[in-house]
Amino acid sequence: MTNSSDYQPAERRRFPRFPCTGAAEIHQIGQCRRLGKVSDISRGGCYIETLHPLPVGTESQLRLTVGDILLDVDAKVSTATPSVGMGMEFMAVPQAQENKLVQIIEKITAINSSPAVLQAKHLQPSSAPVRITREAAPGILAKIIKTINERDVLTRRELIEIVNTIG
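Just so we're clear, the structure is a prediction, and the values are computed from it rather than from any experiment. (Residues numbered from 1 in each chain as written. Predicted model: local features only at pLDDT ≥ 70, side-chain atom pairs only at ≥ 80, totals over all residues. Heavy atoms only, no water.)

### A closer look at unusual backbone geometry
Note: most residues except glycine have negative phi, and most peptide bonds are trans.
Link 1 in the chain: Located in the positive-phi region is S83, a residue other than glycine, with phi close to 65°.
Link 2 in the chain: Mapped onto the elements, S83 comes out in the loop between β5 (69-81) and β6 (85-90).
Link 3 in the chain: Note on S83: relative accessible area 52%, which makes it exposed. (Helix = DSSP H or I, 4+ residues; strand = E, 2+ residues; numbered from the N terminus. Buried < 20%, exposed > 50% of the residue type's maximum accessible area, 1.4 Å probe, protein only.)

Structure, rendered in structure tokens:
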């Protein structure tokens, strides 16, 4: 009999995901319907942080800007969490856009494998809980609200930066 703590769920993704920061425009019927932030990307899709995700199964056109590379792809919503974001599965990706996607991933992996980044990840894991003191809470909340009002989204990385700066 196996120990329940040894259980590892099977990885469902075909491609590895890479954390990144980028801008997302979600277009439907030729109009920009939503804005968000790209927080990770793979050869098969991306995750977009947005307060107002589209329903699962909705097809749209994405215009993603990661670094200095602009990527235009058709995608379908595969997961959605209200007030958090949505997972997007890329559909038909033309060869020119596929080449841009590869360039984005190559840039991300080159940056993320630098010694400084690896050391920073070792010192402060991304899964570490965010701690907020009662005294710092009003200032942190004000900064969070200001950021969301300005950009419509707030990434975990930005939240941690706000807490570390004010807290």
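Don't stop here, the text continues.
### Quick word on the sheet that holds β6
Link 1 in the chain: Strand order in the closed barrel made by the six strands is β1-β2-β3-β6-β5-β4, with antiparallel pairing throughout. On average, each strand axis in the sheet is inclined to that of its neighbour by 45°, with strand direction left out of account.
Link 2 in the chain: The pairing of strand β3 (residues 45-49) with β6 spans five bridges and is classified as antiparallel. Bridging across to β6, I48 finds its partner in M86. (Pairing = 2+ DSSP bridges. Axes fitted to C-alpha atoms, helices over the stretch in contact; angles between N-to-C directions.)

### Considering helix α3 (residues 137-151)
It helps to recall that an α-helix has 3.6 residues per turn; residues three or four apart then point in one direction.
Link 1 in the chain: Its 15 residues place the ends of α3 21 Å apart at the C-alpha level, agreeing with the 21 Å of an ideal helix rising 1.5 Å per residue.
Link 2 in the chain: By the burial criterion, the buried members of α3 are I140, I144 and T147. Buried residues of α3, seen end-on, are gathered within an arc of 65° and therefore sit on one face of the element. Exposed side of α3, more than 90 degrees from the buried face: P138, N149 and E150 are the residues found there.
Link 3 in the chain: Buried residues along α3 sit against α4 (156-166).
Link 4 in the chain: One or two steps after α3, the chain reaches D152, where phi turns positive at roughly 75°. (Expected span 1.5 Å × (residues − 1). Arc of directions from axis to C-beta. Contact = heavy atoms within 4.5 Å.)

### What about the nonpolar core?
Side chains of nonpolar character tend, in soluble globular proteins, to be buried together.
Link 1 in the chain: Ranked by size, the top nonpolar core spans 23 residues in total, and within it I41, C46, I48, L62, L64, M88 and F90 carry the most contacts.
Link 2 in the chain: Those elements giving two or more residues to this core turn out to be β1 (18-28), β2 (31-41), β3, β4 (59-66), β5, β6 and α1 (95-112).
Link 3 in the chain: Among the elements that take part in this core, β5 stands out by supplying five residues, more than any other.
Link 4 in the chain: When neighbours within four sequence positions are excluded, I48 is seen to be in contact with A24, I26, G36, K37, L62, L64, V84, G85, M86 and M88. (Core = buried A, V, L, I, M, F, W, Y, C linked by side-chain atoms within 4.5 Å.)

### With respect to the confidence of the model for the protein
For residues with low pLDDT, the predicted coordinates do not support detailed interpretation.
Link 1 in the chain: Residues of the protein with pLDDT of at least 70 account for 79%, and the chain-wide mean is 80.
Link 2 in the chain: In the model of the protein, helix α2 (residues 115-123) stands out as the element of lowest mean pLDDT, 43, in contrast to β3, which has the highest, 96.
Link 3 in the chain: Confidence drops under a pLDDT of 50 for residues 1-11, and excluding neighbours within four residues, the segment shows zero contacts in the predicted structure.
Link 4 in the chain: Counted against residues more than four places away or in other chains, residues 114-126, with its pLDDT under 50, gives eight contacts. (pLDDT = per-residue confidence, 0-100.)

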